[in-house]
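The chain contents come next:
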Amino acid sequence: KITFSSPLAAGTKVIVYSTDPKWVLDQTKDEQSSGSWDTRFRVDHECVLDPTTTLELRAIPACSVTGHLMLPDQRPAAFLDVELEEAQPSRSPRWMPFAYATTDRDGNFKFQGRHHLDHEVRVKVECAEGFAISEPFAMAQQGSHIVLPKLLLSPPASIEGVVRDSEQRPVPGIRVWLRDWDFGANGQKSGSVVEVITDHLGRYRFVGVPPGGAWLQLLAQPGERFETG
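Residues numbered from 1 in each chain as written. Predicted model: local features only at pLDDT ≥ 70, side-chain atom pairs only at ≥ 80, totals over all residues. Heavy atoms only, no water.

Brief notes about the overall build of the chain
Assigned secondary structure in the chain consists of 0 helices and 19 strands. For the chain, the C-alpha radius of gyration of 22 Å lies well beyond 17 Å, the compact-globule estimate for 229 residues. Dimensions along the principal axes, computed over C-alpha positions, put the chain at roughly 75 × 45 × 35 Å. The 229 residues of the chain split such that 39% are buried. Intrachain contacts of the chain at a sequence separation of at least 6 include 62% that bridge at least 24 residues. (Helix = DSSP H or I, 4+ residues; strand = E, 2+ residues; numbered from the N terminus. Rg over C-alpha atoms; globule rule 2.2 N^0.38 Å. Buried < 20%, exposed > 50% of the residue type's maximum accessible area, 1.4 Å probe, protein only. Contact = heavy atoms within 4.5 Å.)

Section: the sheet that holds strand β6 (residues 81–87)
The strand order across the open sheet built from 4 strands is β7-β6-β9-β10, with neighbouring strands paired in antiparallel fashion. The strands lining the two open edges of the sheet, one partner per strand, are β7 (95–102) and β10 (130–133). Going from strand to strand, the sheet's axes swing by 25 degrees on average, the running direction of each strand aside. One ladder, built from 4 bridges, connects β6 with strand β9 (residues 121–127); its direction is antiparallel. Residue pairing across strands places Glu85 opposite Arg122, the latter belonging to β9. (Pairing = 2+ DSSP bridges. Axes fitted to C-alpha atoms, helices over the stretch in contact; angles between N-to-C directions.)

Regarding unusual backbone geometry
In the Ramachandran plot, Gln74 falls in the positive-phi region, its phi being about 80 degrees despite a non-glycine side chain. You can see Gln74 is positioned in the loop between β5 (63–70) and β6.

Brief notes about the layout of surface pockets
For the second largest pocket, the calculated volume is near 670 Å³. Taken together, 20 residues line the second largest pocket, and the ones lying closest to its centre are Phe4, Leu49, Asp50, Thr53 and Leu55. Among the secondary structure elements, those contributing two or more residues to the lining of the second largest pocket are β1 (13–16) and β3 (45–48). Top contributing element to the lining of the second largest pocket by residue count: β1, with 3 residues. (1 Å grid on protein atoms, 1.4 Å probe; cavity = no way out; pocket = protein on both sides within 12 Å on 5 of 7 lines; lining within 4 Å. Points joined across faces, edges and corners; volume = space filled by probe spheres on them.)

What about the pattern of salt bridges?
Applying the stated criterion across every chain, the model contains 11 salt bridges. In this structure, Glu167 and Arg169 form a salt bridge, with 3.5 Å as the shortest nitrogen-oxygen distance. A residue is classified by how much of its surface remains accessible, and Glu167, at 55% relative accessible area, is exposed. Salt bridges linked by common partners bring Asp165, Glu167 and Arg169 together as one network. (Salt bridge = Lys/Arg side-chain N within 4 Å of Asp/Glu carboxyl O.)

A closer look at the nonpolar core
Core analysis: the largest hydrophobic core is formed by 25 residues, its most contacted members being Val65, Leu69, Phe111 and Val123. At the level of elements, β5, β6, β7, β8 (108–114) and β9 are the ones that each hand at least two residues to this core. Examining the composition of this core, we find that 4 residues originate from one element, β9, more than from any other. Apart from residues no more than four positions distant in its own chain, Val65 is found in contact with Leu84, Phe109, Lys110, Phe111, Val123, Phe137, Met139, Ile146 and Leu148. Counting 11 residues, the second largest nonpolar core, distinct from the first, contains Val163, Val176, Phe206 and Leu216. (Core = buried A, V, L, I, M, F, W, Y, C linked by side-chain atoms within 4.5 Å.)

A few points about the environment of Gln88
By secondary structure assignment, the location of Gln88 is in the loop between β6 and β7. On the basis of relative accessible area, Gln88 is assigned to the buried category, the value being 11%. Separated by 32 residues in sequence, Gln88 and Glu120 have C-alpha atoms that sit 8.7 Å apart. A polar side-chain atom of Gln88 sits 3.1 Å from a polar atom in the side chain of Glu86. (Polar contact = N/O pair within 3.5 Å; in protein donor to acceptor, adjacent residues only side chain to side chain.)

Here we look at the side chain of His68
In this fold, His68 is placed in strand β5. Beyond its immediate stretch of four places on either side in the chain, His68 contacts Asp106, Gly107, Asn108, Phe109, Lys150 and Leu151.

A word on the pairing of β9
Counting buried positions along β9 yields 6 of 7 residues, so the element is predominantly enclosed. With antiparallel pairing between neighbouring strands as the criterion, β9 and β10 make up a hairpin whose turn holds 2 residues.

This is how it looks when you write it as structure tokens:
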């Protein structure tokens with residue numbers, strides 16, 4: 001039995017969660033709950049603050065995922081961001097991140113205090129140092145503890161060029177967007193955009209570009225599409 005002392009007013013929407021990484025709260029989510037559509041909230045008990053009602057909380061063993069990340073030259077990949085993604089078979093993009101971790105100085109990472117999931121999950125790293133994706137794996141059982149094989153970053157790519165006008169003169173100050181692109185589905189995979197500005201010679205450069213399709217979009221003024229390709 002626990003008692004919360006809260007300054008929040010009655011009727012406030014709140015979440016209750018476990019601070020012990022060995023346990024997560026398990027709640028059947030209705031359509032009004034964030035956890036019904038967002039995996040990040042599966043570990044939370046969502047409710048409305050009511051001092052007259054006793055909370056009925058159900059705790060279950062939490063899942064964890066551990067692994068080791070290496071740079072392309074086989075050295076430990078220290079202090080890099082790592083994502084845990086869940087497959088979304090009926091949605092686009094197909095993979096959605098729901099948990100985040102950072103490698104330690106030896107390249108080790110750990111996701112803990114996670115709720116079990118119905119769909120496959122995978123680990124993804126995308127940064128200036130390189131790119132890596134693990135093989136999909138299951139985290140469907142309560143208390144699953146997954147140890148992944150070592151992940152090796154692929155060397156990052158770069159995309160560079162010069163923006164010129166109709167008279168072939170370099171154009172400075174042009175916003176250039178880089179989007180990842182799925183040519184098979186003819187659409188963007190993640191929805192993310194990376195932006196750079198051309199220099200005084202019209203040059204632009206993107207570094208740390210992951211393998212796969214890419215789409216460049218040029219904008220002359222904020223909100224004005226200049227050219228795509």
